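Examination of the molecular architecture
Read off the chains here:
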Amino acid sequence: METSAGRAAGADAEFTDFVAARMAQWRRTAFLMCGDWDRGDDILQRVLTELYRNWTRARRAEHPDALVRTMLLRRLLDERRLRWTRVVLGATLPERQTEPVDPTERITLVGALRQVPPRQRAVLVLRYFQDLSVEETARALGCSTGTVKSQAAKGLNALRALLGPAPAGR
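Reference entry: report on the structure contained in this document. (Residues numbered from 1 in each chain as written. Predicted model: local features only at pLDDT ≥ 70, side-chain atom pairs only at ≥ 80, totals over all residues. Heavy atoms only, no water.)

A few points about the packing of helix α6 (residues 118-129) against helix α8 (residues 145-163)
Relative orientation of the contacting elements α6 and α8 amounts to 95°, with a least axis distance of 8 Å. By the angle class used here, α6 and α8 are roughly perpendicular. Two secondary-structure elements touch here, α6 through Arg119, Gln120, Val123, Leu124, Arg127 and Tyr128 and α8 through Val148, Gln151, Ala152, Lys154, Gly155, Leu156, Ala158 and Leu159. For the contact of α6 with α8, a count of residues per class yields eight nonpolar, three polar and three charged. (Axes fitted to C-alpha atoms, helices over the stretch in contact; angles between N-to-C directions. Helix = DSSP H or I, 4+ residues; strand = E, 2+ residues; numbered from the N terminus. Parallel < 35°, antiparallel > 145°, perpendicular 65-115°, else oblique. Contact = heavy atoms within 4.5 Å. Nonpolar A, V, L, I, M, F, W, Y, C, P; charged D, E, K, R; others polar.)

Some remarks on the nonpolar core
Counting residues in hydrophobic clusters, the biggest one holds 41 residues, and the most contacted among them are Phe18, Trp26, Leu51, Trp55, Leu72 and Leu141. Counting residues per element, the ones that place at least two in this core are α1 (4-34), α2 (37-53), α3 (55-58), α4 (64-82), α5 (103-115), α6, α7 (134-141) and α8. In terms of residue count, α1 provides more of this core than any other element does, 10 residues in total. Not counting chain neighbours up to four residues away, the residues in contact with Trp26 comprise Phe18, Val19, Leu44, Leu48, Asp65, Val68 and Leu72. (Core = buried A, V, L, I, M, F, W, Y, C linked by side-chain atoms within 4.5 Å. Buried < 20%, exposed > 50% of the residue type's maximum accessible area, 1.4 Å probe, protein only.)

Thoughts on α6
For α6, built from 12 residues, the straight-helix expectation of 16 Å at 1.5 Å per residue is met to within 8% by its first-to-last C-alpha distance of 15 Å. Burial in α6 covers these residues: Gln120, Arg121, Ala122, Val123, Leu124, Val125 and Leu126. (Expected span 1.5 Å × (residues − 1).)

Section: unusual backbone geometry
The phi torsion of most residues other than glycine is negative, and most of the peptide bonds are trans. Its identity is not glycine, yet Asp131 carries a phi of approximately 60°, on the positive side. Tracing the backbone through its elements, the reader meets Asp131 in the loop between α6 and α7.

Things to note about α8
In this model, α8 (19 residues) spans 26 Å end to end at C-alpha, consistent with the 27 Å of a helix rising 1.5 Å per residue. Next to the buried residues of α8 lie α5, α6 and α7. Directly after α8, the chain includes Gly164, whose backbone phi takes a positive value near 80°.

Take a look at the structure:
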């Protein structure tokens, strides 16, 4: 007979495995949505805390990845609306993990993404950085597929206008 402690340990291990397999992708998504690694990490941490508290129910979800993306997106939008102030709780900052990309391209892209309206930015990140389908993006944002398509088109046009023509060979 399995004890409640045994079930809890199994659930903790399952949660840990689930998060470890997807953490880099979620961090990238949070960064692309808000344009700041530290703020993205803070938001992701709150999402993971909420996910852990509700893991028993969340792990039974039909699409747990979609659930987490939706939680992350909602938290990002809430944070933007609330304009909360961050408090640094340590004397020294932790070392930041970096993505192996050309810094100039990253700065240029993030700067352009920051200028795209939030809804269009959310669609662009979910569609083109998370590789979600139109339908999955619509579910995550709680809108129609037509809205996703129009916001993606407007967002891409805005990025093209901001970034200019792509270099040859791309």
